[in-house]
Amino acid sequence: MNVKKQPHVVAISGGIGGAKMALGLLHILPPQRLSVVVNTGDDFEHLGLRISPDLDTTLYTLADLANPQTGWGRRNETWSFLHALEQMGGETWFKLGDGDLALHLLRTRRLTGGESLTQITADLARQLGVAAQILPMSDALVQTRVATEFGELEFQDYFVRRQCQPRVNALRFAGAESAQVTPQVRAVLQDPQLDAIVICPSNPYLSIDPILAVPGMRELLRDAAAPVIAIAPLIGGAAVKGPTAKIMGELGVPVSSLAVAQHYAGLIDGFVLDVHDRAMETQLELPTLITDTLMKSLDDRLRLARMTLDFAATLGRPRKTAA
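Draft legend 1. Looking closely at the layout of surface pockets. Its boundaries defined by the atoms lining it, the largest pocket holds a volume of some 1100 Å³. Looking at the largest pocket, it is lined by 45 residues, and the ones nearest its centre are Gly 15, Ile 16, Trp 72, Phe 159 and Lys 241. Elements supplying a minimum of two residues to the lining of the largest pocket: α1 (15–28), α2 (53–62), α4 (98–112), α6 (155–161) and α8 (204–212). Counted by class, the lining of the largest pocket contains 21 nonpolar, 15 polar and 9 charged residues. Each pocket or cavity is described by its volume, and for the second largest pocket that value is around 350 Å³. Together, 19 residues line the second largest pocket, and Thr 61, Ala 66, Asn 67, Pro 68 and Arg 301 are the ones closest to its centre. When residues of the lining of the second largest pocket are traced back to their parent elements, those giving at least two are α1, α2 and α12 (298–313). The greatest single-element share of the lining of the second largest pocket, amounting to 5 residues, is contributed by α1. Each residue belonging to the lining of the second largest pocket can be placed in one class, and the counts come to 8 nonpolar, 6 polar and 5 charged.

Draft legend 2. Main features of the packing of α2 against α4. One way to put it is that α2 packs onto α4 with a least axis distance of 12 Å and a crossing angle of 125°. In terms of orientation, α2 and α4 fall into the oblique class. At the point where α2 passes α4, the crossing takes the right-handed sense. Where α2 abuts α4, its residues Asp 56, Leu 59 and Tyr 60 lie against Gly 99, Asp 100, Leu 103, His 104 and Arg 107. Residue composition of the contact of α2 with α4, by class: 3 nonpolar, 2 polar and 3 charged.

Draft legend 3. Broad picture of the packing of aromatic side chains. In total, this model carries 4 aromatic pairs according to the counting rule given. Pairing Phe 44 with Phe 94 gives two aromatic rings, centres 5.0 Å apart and planes at 70°, and the pair type is edge-to-face. In this pair, Phe 44 sits in strand β3 (residues 44–46) while Phe 94 sits in the loop between α3 (80–87) and α4, placing the two residues 50 residues apart along the sequence. The same class applies to Phe 44 as to Phe 94, namely buried. Geometrically, the ring pair formed by Trp 93 and Phe 94 is edge-to-face, given 5.9 Å between the ring centres and 80° between the ring planes.

Calculation rules
- Residues numbered from 1 in each chain as written.
- Predicted model: local features only at pLDDT ≥ 70, side-chain atom pairs only at ≥ 80, totals over all residues.
- Heavy atoms only, no water.
- 1 Å grid on protein atoms, 1.4 Å probe; cavity = no way out; pocket = protein on both sides within 12 Å on 5 of 7 lines; lining within 4 Å.
- Points joined across faces, edges and corners; volume = space filled by probe spheres on them.
- Helix = DSSP H or I, 4+ residues; strand = E, 2+ residues; numbered from the N terminus.
- Nonpolar A, V, L, I, M, F, W, Y, C, P; charged D, E, K, R; others polar.
- Axes fitted to C-alpha atoms, helices over the stretch in contact; angles between N-to-C directions.
- Parallel < 35°, antiparallel > 145°, perpendicular 65-115°, else oblique.
- Left-handed = near helix turned anticlockwise from the far one by under 90°.
- Contact = heavy atoms within 4.5 Å.
- Phe/Tyr/Trp six-rings, centres within 6.5 Å; stacked < 30°, edge-to-face > 60°.
- Buried < 20%, exposed > 50% of the residue type's maximum accessible area, 1.4 Å probe, protein only.

Structure (structure tokens):
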């Protein structure tokens, strides 16, 4: 008797856009067959706690706990801790809600006890009812640094405290050179039954590049059995949310989806382009899916996820056969 193979998809993700796409994939796949490799370049220590913003956004989104107004943090959050901290003159520029604080405390205590970020994240996902596999890009601490006219800034100082206002001159990922791909990430990317790898519509420079900076990650993507599809994070030359377009302009990169596709050259087998950028299709030198990429509702996320996987099913790995 023939047994139908269950699809296995890996999402490469960071930020709110990545979490939205991961949620769409979660709703159309067997949950155990979705693996989400998440950026941890945003991680930092605050008030003695280890904060992992992109991991937490992914956890909350897939657990249906995310704040629908902001896309980050928990729904129906309370702020007693932050208010008390403010009364005592503490730092309140990074918003820590009471429920969110509990997660950071647990993570910090377990990291201090010697457990890996991967193991802690897996346990948190189970406790929150998330069956998909959520994987930090590395267990090592890799931190995005932003070179600006004010000097080099820690990422959260640039992104949250200064609201992305300083001009970006360069980016680097401190600690990446000594980081390692975890066995769990290696295993999902080397799965011979993998159907697709989806680079989510996340900021290529702040959310995806830190993942690609981990030694060996690019090679794993190039050698994977499945096609790699990237979804453009821009619509009509503008970002839906966040500073993608601003950063591209400041780095001297054309603010276009074509430039994003070129940024991923050598890694991807297909590209998903928004309908507003249809005119760029003739300039793309790889298979392209043109569709509405704006994800306002859950239905939008499901539709984009289905179309992306259907598109991936039409592609092979020409780089492998050429090699």
